Amino acid sequence: MKKVLLFLLFCFAVGIICDAAPRRRKARRTRRAVKTVKHVAKPVKLSIHDADPFHTCEDTCAHVHGIDVSHYQNEVFWNAVGDDTNMAYVYLKCTEGSDNQDPLYLRNIELAHSHDLKVGSYHFFRPKVATQQQLRNFQIQCLPAEQDLIPMLDVETDAGMPTEQFCDSLTKMLTLIEEAYHQKPLVYTYRNFYNKHLQGRLEGYPLMIAMYSDEQPQLADGRDYIIWQYTCRGRLAGVKGEVDKSRIMGEHSLRELYYVR
């Protein structure tokens, strides 16, 4: 009886050892496999929106860069903008509609000039407001003698008007500005807004196109444009908070926008 019990215990022990051996070999293979796996980091492509906001494209490329500023930026320290950055030009909000005047425009244009920036002024267009009233409002603030760059018309809303009616109002406003300042104004708008409302309607007018993307905007009718506003979330020494940044495109130059008296 004792011999039988001893034989059974021996068989049981051998079975345990034989079962554990494959598991240990499998575990060793797994550990070796884990050790030999190479983790190759995927290259990270930084965009103009992901990079250090104080050192984006304008610090590392040859394009001519600028900003546009209104009272939403509050007080701007123009000495830092003019002396400590690579910005070459600035468009300042001047007026909006028939009676809205940017409260910081006069301060901004004086100080921006004093720090050697090329300065232009823009009017925010309200399609339902009488164009003559809008022009008068703009002329009160935007004095030709103070402009380095041609006037700009900011076109962002159709105010719910049918496209033909909206474009008729816009054409009248552009014509009035051209007659008053003796040169065609720069037209600012968004790519999608242009493609929806303005295709084929702004022939001869220089364009500034806004699209906040890593890829340059393409207009549906193939129109060329001089300036691309590539972000509304830029950061800049001398400006608290975020600011719109833009750059001159391709073979164009800032001289194309110089105000000719």
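On a predicted model such as this, the values are computed, not experimentally measured, just so you know.

**As for the nonpolar core**
And step 1. Ranked by internal contacts, the top residues of the largest apolar core, which has 47 residues, are Trp78, Val90, Phe166, Leu170 and Leu202.
And step 2. Counting residues per element, this core draws most heavily on helix 5 (residues 163–181), which supplies eight residues.
And step 3. Those residues in contact with Leu170, other than ones at most four positions away along the chain, are Phe125, Leu153, Val155, Leu198 and Leu202.
And step 4. Residues Tyr91, Ile150, Met152 and Met208 belong to the second largest nonpolar core, which totals 15 residues.

**Overview of the packing of aromatic side chains**
And step 1. Applying the stated rule across the entire model yields five aromatic pairs.
And step 2. Taken together, a centroid distance of 5.9 Å and an interplanar angle of 65° make the contact between Trp228 and Tyr230 edge-to-face. The residues Trp228 and Tyr230 share a single accessibility class, namely buried.
And step 3. A cation over an aromatic ring shows up here: Lys118 above the ring of Tyr258, its NZ or CZ 5.4 Å from the ring centre.
And step 4. Over the face of the ring belonging to Tyr205 we find Lys184, whose NZ or CZ atom lies 4.4 Å from the ring centre.

**Let's talk about helix 3 (residues 105–114)**
And step 1. Among all positions of helix 3, only Tyr105, Asn108, Ile109 and Ala112 are buried. One side of helix 3 holds all its buried residues, which, seen down the axis, span an arc of 95°. Summarising the geometry of helix 3, the exposed residues directed more than 90 degrees from the buried face are Leu106 and Glu110.
And step 2. Immediately beyond the C-terminal end of helix 3, within one or two residues, lies Asp116, with a positive phi of roughly 65°.

**Things to note about the side chain of Asp102**
And step 1. Counting through the fold element by element, Asp102 comes out in the loop between strand 3 (100–101) and helix 3.
And step 2. A polar side-chain atom of Asp102 sits 2.9 Å from a polar atom in the side chain of His71.
And step 3. From its side chain, Asp102 meets the backbone nitrogen of Leu104 in a polar contact 2.9 Å long.
And step 4. With residues up to four places along the chain from it excluded, the contact list for Asp102 reads Ser70, His71, Lys93, Cys94 and Gln141.

**Regarding the environment of Asp83**
And step 1. Tracing the backbone through its elements, the reader meets Asp83 in helix 2 (residues 78–84).
And step 2. According to the relative accessible area criterion, Asp83 is exposed, its value standing at 52%.
And step 3. Between the alpha carbons of Asp83 and Asp116 there is a distance of 8.6 Å; along the sequence they are 33 residues apart.
And step 4. Filtering out sequence-adjacent residues up to four positions away, Asp83 remains in contact with Trp78 and His115.

**Things to note about unusual backbone geometry**
And step 1. Of note, the phi angle at Asn74 is positive, near 60°, even though the residue is not glycine.
And step 2. Locating Asn74 in the fold gives a position in the loop between strand 1 (65–69) and helix 2.
And step 3. Take Asn74: its relative accessible area is 48%, and that puts it in the partly exposed class.
And step 4. With a phi close to 65°, Asp116 is a non-glycine residue in the positive phi region.
And step 5. Inspection of the secondary structure puts Asp116 in the loop between helix 3 and strand 4 (118–124).

**Concerning the pattern of salt bridges**
And step 1. In total, this model carries seven salt bridges according to the counting rule given.
And step 2. Arg107 is the partner of Glu75 in a salt bridge, and the nearest nitrogen-oxygen pair spans 3.1 Å. Linking Glu75 in the loop between strand 1 and helix 2 with Arg107 in helix 3, this pair joins segments that are 32 residues apart in sequence.
And step 3. The exposure class assigned to Glu75 is partly exposed, which follows from its relative accessible area of 42%.
And step 4. The partner of Lys172 in a salt bridge is Asp168, with the nearest N and O atoms 3.5 Å apart. With Lys172 and Asp168 both in helix 5 and four residues apart, this pair spans about one turn of that helix.
And step 5. On the basis of relative accessibility, which here comes to 46%, the residue Lys172 falls in the partly exposed class.
And step 6. Shared partners join several salt bridges into a network, and the residues in it are Lys93, Glu96 and Arg126.

**Quick word on the state of the cysteines**
Covalent bonding between the sulfur atoms of two cysteines defines a disulfide.
And step 1. Taken as a whole and assessed by the stated rule, the structure comprises zero disulfides.
And step 2. We note that Cys94 lacks a disulfide partner, and the nearest cysteine sulfur, in Cys142, lies 5.3 Å from it.

Reading the values: the criteria
Residue positions are counted from 1 within each chain, in the order its sequence is given. Given that the model is predicted, a residue must reach a pLDDT of at least 70 before its local features are reported, and side-chain atom pairs must reach 80 or more before they are shown or counted; all residues, however, enter totals for whole chains, interfaces and linings. Computation of side-chain values covers all heavy atoms of the structure but excludes hydrogens and water. In this text, buried Ala, Val, Leu, Ile, Met, Phe, Trp, Tyr and Cys residues form a nonpolar core when linked through side-chain atoms within 4.5 Å. Exposure is judged per residue with a 1.4 Å probe applied to protein chains only, and the accessible area is read against the type maximum: over 50% gives exposed, under 20% gives buried, and values in between give partly exposed. Helix and strand labels come from DSSP, where a helix needs a run of H or I of at least four residues and a strand needs a run of E of at least two; each type is numbered from the N terminus. Residue contacts are defined here by distance: any two heavy atoms, one from each residue, within 4.5 Å place the two residues in contact. Here is the rule: rings of Phe, Tyr and Trp (six-membered ring for Trp) pair when centre to centre is within 6.5 Å. Planes less than 30 degrees apart are stacked, more than 60 are edge-to-face, and the remainder are tilted. Both a distance and an angle decide whether a charge sits over a ring: NZ of Lys or CZ of Arg must be within 6 Å of the ring centre and within 35 degrees of the ring normal. What the arc describes is the spread of directions from the helix axis to the C-beta atoms. Counting of polar contacts relies on pairs of N or O atoms within 3.5 Å, with two restrictions inside protein: one atom must be capable of donating a hydrogen and the other of accepting it, and residues adjacent in sequence are counted only when both atoms are side-chain atoms. Put simply, a salt bridge is a Lys or Arg side-chain nitrogen that is within 4 Å of an Asp or Glu carboxyl oxygen. Note that a disulfide, as used here, is simply two cysteine sulfur atoms within 2.5 Å.

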